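Coordinate inspection notes
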Amino acid sequence: MHYVIGIDVSKATSQVAVAVDGKVTQHFKITHDVLGFNQLNTIIMQFNEFPDIVFEATGIYSRRLKSFLDWHNYPYTYLNPLAAKKRLDQLRPNKSDLNDAKNLAETQFILARAKSYVQNPIYIELQDMSRFYQQINHDIVSTKKRLHRILQLTFPEIEGLFSATDSPHYWELLTIVPHAIITRRSRQALMDTIQGGISWHIGHERLRKLVDQLMSMGQISAPAVAANSYNVAQVIYYAKRLIELHGTKGDILTAMVDKAKDLPEYSIYQSIPGFSDKTVVSLIAELGDLHRFRTANKLNAFVGIDLRFNDSGDYKSTGFITKRGNSTVRKVLFRAISNIASTASYGHPSHINDWYQKKKHSSLSKGTKKIAIGAMSRLLRTMHYLVINHQLYDYKAASKH
């Protein structure tokens, strides 16, 4: 007999449908807690062989169910929501959680979906850390915008003090000089204030030049608010917040490197010219274990750079990427192509850059985005080959293919 359990996952509960030889024999609801999972475990254990367990990936809500199944070493099929929707939309005139669970169970007898590849939990942990890292990045961008806005009221000229306004040194200085009026003290008083307030070492000559610049900016500044305005406190708050976020970002990256360094992909990715520690751990976190992709084409589809064509009549399109995959890893790969090109100019060649430069120089188009996407596809194929075959990158060997 063939047993299938279809599960439609919601926020705190799931609808479960049990089917035997193509027919649903029972259905019930479970809660996502010990009681609910014990109930599901009792059903699974009543069969003399493991049933097929099928459910959709619903982000954070399906993680508890997935963890329960992993803990008990139960094999399961973890469906892509888009793929499941396309199939089930043809079957469910009346959509409900119960009908979805039944349809998942019944279609398994027809489709015989393969069991999902169970990754090492380290990959899941790294992905969670990567998402936190991305959130911190987002918070930094938002806070920088708020700081820029409020600085226009207190001391806008100070934004030109350094070449970039994303340095912890710059933010720390803002906590000391949040308003232009502070620069109108004596030179020595301002030097003493800065020297005593910063955590980083600065030489006397560099400090003197810095103070001269600040005093010059302060003389021409026309603040919109007084020095005792609450807006000054906001400048200090945002500057301190940015220092904290920047530190957290560095701590996350350090922790990710420490967790990933024992994985086989770490040394493999590091062998690719242009790959920094940040690039390596980001790709490991977002791509996971590449062994779960049977072909490089499936990896391309996961990332969202697989080509689709929209041809009609005499019109033939050049193809476009689907963008249905992981947008974060696409950004990492796009930056990686730029790093690979830069590294090659310093004596670290790669066949990826060879192809990229050849296409750039031979292309009649002004834009290089499509060429970069082509290079990303070749990079993914290379990574997939190296991981599957447990090999480090070798430029001479790669150039022959």
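For the structure, see preceding data.
These lines cover the structure that appears in this document, whether it is placed above or below. Being a predicted model, the structure only gives us computed values, none of them experimental.

1. Points about helix H11 (residues 277-287)
Extensive coverage of H11 is indicated by the burial of nine of its eleven residues. Against helix H5 (121-154), helix H9 (230-260), helix H10 (264-270), helix H12 (296-303), helix H13 (327-344) and helix H15 (369-388) lie the buried residues of H11. One or two residues past the end of H11 sits glycine 288, with phi positive at roughly 70 degrees.

2. Some thoughts on unusual backbone geometry
One non-glycine residue, aspartate 21, adopts positive backbone phi at about 50 degrees. Here aspartate 21 lies in the loop between strand S2 (13-20) and strand S3 (23-31). The phi dihedral of histidine 390 falls on the positive side, at around 55 degrees, and the residue is not glycine. For histidine 390, the position within the fold is in the loop between H15 and helix H16 (395-399).

3. A few points about the nonpolar core
If you look at the biggest cluster of nonpolar residues, it comprises 81 residues, and the most contacted ones within it are Leu214, Tyr269, Phe275, Leu287, Leu379 and Met383. In contact with tyrosine 269, other than residues within four places in its own chain, are Phe275, Val280, Leu283, Ile284, Leu287, Leu290, Met383 and Val387. Among the nonpolar cores identified, the runner-up in size contains 21 residues, and Ile7, Val20, Ile53 and Leu69 belong to it.

4. Here we look at the packing of H5 against H11
Contact geometry of H5 with H11 gives a least axis separation of 7 Å together with a crossing angle of 120 degrees. As summarised for this structure, H5 and H11 are arranged oblique, according to the angle between their axes. The crossing of H5 and H11 is left-handed. Contacts between H5 and H11 involve Tyr123, Leu126, Gln127, Ser130, Arg131 and Tyr133 on the former and, on the latter, Lys278, Ile284, Ala285 and Glu286.

5. Thoughts on the pattern of salt bridges
Pairing between side chains of opposite charge can happen when the charged atoms of each approach one another. This model, assessed by the stated rule, comprises nine salt bridges. Across the salt bridge formed by arginine 187 and aspartate 212, the nearest N and O atoms sit 2.7 Å from each other. Of this pair, arginine 187 sits in helix H7 (residues 187-197) while aspartate 212 sits in helix H8 (residues 204-220), and the two are 25 residues apart along the sequence. Ionic pairing is found between arginine 208 and aspartate 212, a salt bridge with its closest N-O pair at 3.1 Å.

What counts as what
Residues numbered from 1 in each chain as written. Predicted model: local features only at pLDDT ≥ 70, side-chain atom pairs only at ≥ 80, totals over all residues. Heavy atoms only, no water. Buried < 20%, exposed > 50% of the residue type's maximum accessible area, 1.4 Å probe, protein only. Helix = DSSP H or I, 4+ residues; strand = E, 2+ residues; numbered from the N terminus. Contact = heavy atoms within 4.5 Å. Core = buried A, V, L, I, M, F, W, Y, C linked by side-chain atoms within 4.5 Å. Axes fitted to C-alpha atoms, helices over the stretch in contact; angles between N-to-C directions. Parallel < 35°, antiparallel > 145°, perpendicular 65-115°, else oblique. Left-handed = near helix turned anticlockwise from the far one by under 90°. Salt bridge = Lys/Arg side-chain N within 4 Å of Asp/Glu carboxyl O.

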